[in-house]
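Read off the chains here:
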Amino acid sequence: LVISTLVTPTVNRKVRQEATARNILINAMDDVPNCNFIAPSIVRRGDLTVAISTSGKAPALAVRLRQRLEQMLGPEYARFLELAGPLRDDLAERYPDFDTRKTLWYELVDSDILDLLKQGNEVKAQQRITDIINAQPEAVTEGADA
């Protein structure tokens, strides 16, 4: 893996040619023609990863967007995913119909669970998850492919 911080396109081109000849990935910062991969601006919250790229056209915009998303996406998103992960197999077993599970997942995501987690009220958040997944979905189709 090569990351070039040189500001000279002719040198970056030579570095890219050498890297390409050796099957090595190269990112020449702010020199898109001499890159064969990008380095996006990244926001991570546990298992949530948001990558932002402007294809080298305005890296400062990517930085500002990352900063805004870092403020908007707090640690409650990581905790939500920690709680949601183990539900996948259970929901697939309980509700074999894909559309039913999809509806339940959107109910979970669109509920007040993230707000409760942001407020530090994990007990209520977990109760809300339980209430949603235990509510009888309107239509459960047995044996449907999921």
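Fair warning: this is a prediction, and the values are worked out from it, not measured in the lab.

S.K.: What exactly am I supposed to notice about the side chain of Thr 100 here?
M.R.: Mapping Thr 100 onto the fold places it in helix α5 (residues 98-110). Within the structure, the side chain of Thr 100 is placed 2.8 Å from the side chain of Asp 97, a separation counted as a polar contact.

S.K.: Just to check I follow, could you spell out the packing of helix α4 (residues 87-94) against α5 for this structure?
M.R.: Packed helix pairs are specified by the crossing angle of their axes together with the interaxial distance, meaning the distance between the axes. Contact geometry of α4 with α5 gives a least axis separation of 10 Å together with a crossing angle of 140°. One way to sum up the angle between α4 and α5 is to call them oblique. Judged by the sense of rotation from one axis to the other, the crossing of α4 with α5 is right-handed. Here Leu 87, Arg 88, Leu 91 and Ala 92 of α4 lie close against α5, whose contacting residues are Arg 101, Leu 104, Trp 105 and Leu 108. By residue class, the composition of the contact of α4 with α5 is 6 nonpolar, no polar and 2 charged.

S.K.: Looking at this model, I keep getting lost on the nonpolar core. Mind explaining?
M.R.: In a soluble, globular protein the nonpolar side chains are often hidden away together inside. Counting 17 residues, the largest nonpolar core has Phe 80, Leu 87, Leu 91, Leu 108 and Ile 113 as its most contacted members. Elements represented by at least two residues in this core include exactly α3 (75-84), α4, α5, α6 (113-118) and α7 (122-134). Contact partners of Leu 108, with chain neighbours within four places excluded, come to Phe 80, Leu 87, Ile 113, Ile 129, Ile 132 and Ile 133.

So, how was this worked out
- Residues numbered from 1 in each chain as written.
- Predicted model: local features only at pLDDT ≥ 70, side-chain atom pairs only at ≥ 80, totals over all residues.
- Heavy atoms only, no water.
- Helix = DSSP H or I, 4+ residues; strand = E, 2+ residues; numbered from the N terminus.
- Polar contact = N/O pair within 3.5 Å; in protein donor to acceptor, adjacent residues only side chain to side chain.
- Axes fitted to C-alpha atoms, helices over the stretch in contact; angles between N-to-C directions.
- Parallel < 35°, antiparallel > 145°, perpendicular 65-115°, else oblique.
- Left-handed = near helix turned anticlockwise from the far one by under 90°.
- Contact = heavy atoms within 4.5 Å.
- Nonpolar A, V, L, I, M, F, W, Y, C, P; charged D, E, K, R; others polar.
- Core = buried A, V, L, I, M, F, W, Y, C linked by side-chain atoms within 4.5 Å.
- Buried < 20%, exposed > 50% of the residue type's maximum accessible area, 1.4 Å probe, protein only.

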